[in-house]
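# Working through the structure, step by step
Here are the chains, one letter per residue:
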Amino acid sequence: MTTTLQVGTALEPRTIGPITQTDIVRFAGAGGDFNPLHHDPEFAARAGFTAPIAMGQMQAGILAAALTDRVGVEHLRALEVRFVAPVEIGDVLTVTGTVTEVGDGVATLALAMTKADAATVVTGTASVGVPVTP
Amino acid sequence: MPVNESFVGRTYPPTATYTVGREKIREFAAAVGATDPLHVDVEAARRAGYADVIAPPTFAVLISQLCDAQFVTDPEAGVDFSRVVHGEQSFDHQRPLVAGDEIVGVLTIESVRGAGGHTMVALRSDLHAVDTAGAPGALVCSTRSMLVIRGED
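Residues numbered from 1 in each chain as written. Chains lettered and ligands numbered in written order. Predicted model: local features only at pLDDT ≥ 70, side-chain atom pairs only at ≥ 80, totals over all residues. Heavy atoms only, no water.

## Some thoughts on the packing of aromatic side chains
Residues and elements named next belong to chain B. Put simply, the rule is: Only centres within 6.5 Å qualify two rings of Phe, Tyr or Trp (six-membered ring in Trp) as a pair; their planes then separate them into stacked at under 30 degrees, edge-to-face at over 60, and tilted for everything else. Secondary structure counts use DSSP, requiring at least four H or I residues in a row for a helix and at least two E residues in a row for a strand, with both numbered from the N terminus. Buried means the residue's accessible area, taken with a 1.4 Å probe over protein chains only, is under 20% of the maximum for its type, while exposed means over 50%, and partly exposed covers the values in between.
Applying the stated criterion across every chain, the model contains four aromatic pairs over all chains. Both rings, one in Phe7 and one in Phe71, keep their centres 6.1 Å apart while their planes meet at 85 degrees; by these two values the pair is edge-to-face. Of the two residues, Phe7 is situated in the segment before β1 (18-19) and Phe71 in helix α3 (residues 61-72); the sequence distance between them amounts to 64 residues. For Phe7, a relative accessible area of 0% puts it in the buried group. Taking 6.5 Å as the distance between ring centres and 75 degrees as the angle between the ring planes, the aromatic pair formed by Tyr18 and Phe59 counts as edge-to-face. A residue pair is termed long-range when its members are at least 10 positions apart, and Tyr18 in strand β1 and Phe59 in the loop between α2 (42-47) and α3 qualify at 41 residues. Across this residue pair, the class does not change: Tyr18 and Phe59 are buried.

What follows is the structure, given as structure tokens:
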């Protein structure tokens, strides 16, 4: 993989979904999060949701993968995510990212995950070691 | 006593040792759609200089949530889990987690503050490789979680 990260470089957007209950259950098992909010419709209804919602860590993982698959996972130094809105079953998610700064061998990227209606569900910042030409 | 500023700076004992598993890494990578061969292909990982396959960066939550649970289930903290919302999460990696790593997490409460009837608690989990004496050794990753404990409606 050869990737040059310069200020303004945009990651190729990655689109995932529509998110299914199966996707959420798969992450529950992989990530060890068995909060019933993410798989029990009655529990979710009592919490004020129309159906189970995805866990923030699932969104964080999908966001991270869209980045690391492009830059090489071994180059990621730091990742910070902010959970802005819940992800519901049926949502189609798009991850975008842009390099905002390069210096001292580290590129900083601004990341976002949006739904089909352009509403933001997650924002993030990542630091990646450069050059990323193994 | 509910969560208050007296918790700031509090550090909990190290978690039980968590062994990073090769198949767990593959399972986690599949669940987040991560396709880098270093997550699944042992030979590719070795060619890249690692002892085994390497984990996606947010795999660290598998260990840090064991740390966070120490706080959330602390009777003294009195946290109502049904009112906890995850606001932010960060990962600072010294190196990737690698299959075969033996890791312990050490939880520190970094800050507690009230905002609009809610309580915001910042938790830091330092994930250390276990040294030969079985104690926390080299730092591998630090994670930070911002939990929002919603006030009564």
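## Describing the interface of chain A and chain B
Stated formally: By the convention used here, residues are in contact when the closest approach between their heavy atoms is within 4.5 Å. Take the accessible area each of two parts loses on contact, using a 1.4 Å probe, and add the two losses: that sum is the buried area. When a carboxyl oxygen of Asp or Glu lies within 4 Å of a side-chain nitrogen of Lys or Arg, that pair is called a salt bridge. Whenever a nitrogen or oxygen atom comes within 3.5 Å of another N or O atom, the pair is scored as a polar contact, on the condition that within protein one atom can donate a hydrogen and the other can accept it, and that pairs from neighbouring residues in sequence are kept only if both atoms are in side chains.
Opposite the 28 residues of chain A that make contact, chain B presents 31 residues. For chain A, the biggest contributors to the area lost against chain B are Ala30, Gln57 and Val73 of chain A; these three give 23% of the whole. Counting across the interface, chain A meets chain B through zero salt bridges. Our count for the chain A to chain B interface comes out at 13 residue pairs in polar contact (both at pLDDT 80 or more).

## Brief notes about helix α1 (residues 21-31) of chain A
For α1 of chain A, the set of buried residues is Ile24, Phe27, Ala28, Ala30 and Gly31 of chain A. If you follow the buried residues of α1 of chain A, they end up packed against α3 (56-71) of chain A together with α1 (22-32) and α3 of chain B. At the C-terminal side of α1 of chain A, Gly32 of chain A shows a positive phi close to 75 degrees.

## So, the side chain of Asp36 of chain B
Threshold: Working convention for charge: Lys and Arg count positive, Asp and Glu count negative, and His plus the chain ends are omitted.
With respect to the secondary-structure elements, Asp36 of chain B resides in the loop between α1 and α2. The buried charged residue Asp36 of chain B lacks any salt bridge partner; its closest oppositely charged side chain belongs to Arg14 of chain A, at an N-O distance of 9.4 Å. Engagement of the side chain of Asp36 of chain B in a polar contact is seen with the backbone nitrogen of Val73 of chain A, the distance being 3.2 Å. With near-sequence residues (within four places) excluded, Asp36 of chain B lies in contact with Thr68, Asp69, Gly72, Val73 and Glu74 of chain A.

## Focus on the sheet that holds strand β3 (residues 102-115) of chain B
Our working definition: At least two bridges found by DSSP between two strands are what make those strands a pair. Angles here are taken between N-to-C directions and fall from 0 to 180 degrees, while the axes themselves are lines fitted to C-alpha atoms, restricted in helices to the stretch in contact.
Pairing is antiparallel across the open sheet formed by ten strands, whose spatial order is β1(A)-β3(A)-β4(A)-β5(A)-β2(A)-β2(B)-β5(B)-β4(B)-β3(B)-β1(B). Of all strands in the sheet, those with a lone pairing partner are β1 (14-16) of chain A together with β1 of chain B, marking the two edges. Here β3 of chain B pairs with strand β4 (residues 118-130) of chain B via twelve bridges, running antiparallel. Across the sheet, Val112 of chain B pairs through a bridge with Val121 of chain B, a residue of β4 of chain B. Across the sheet, α3 of chain A touches β1, β2 (76-83), β3 (93-103), β4 (106-115) and β5 (120-129) of chain A together with β2 (84-93) of chain B, and the angle it forms with β2 of chain A is around 145 degrees. Docked against the sheet, α3 of chain B engages β1, β2, β3, β4 and β5 (136-149) of chain B, running at close to 50 degrees with respect to β3 of chain B.

## With respect to the pairing of β5 of chain B
Residue and element names in this part refer to chain B. Sheet topology note: the β2/β5 ladder contains nine bridges and is antiparallel. When the bridges of β5 are listed, Glu88 appears paired with Met146. The sheet contact formed by β4 and β5 spans eleven bridges and is antiparallel. Its bridge partner being in β5, Leu127 is matched across the sheet by Cys141. Here β4 folds back onto β5, and the loop between the two strands holds five residues, one of which, Gly134, carries a positive phi near 85 degrees.

## Structural notes on the environment of Gly124 of chain A
Residue and element names in this part refer to chain A. Position of Gly124 among the secondary structure elements: in strand β5. Taking C-alpha positions, Gly124 is 21 Å from Ile24, a pair spaced 100 residues apart along the chain. When sequence neighbours within four positions are dropped, the list of residues in contact with Gly124 reads Glu80, Val81, Leu109, Ala110 and Leu111.

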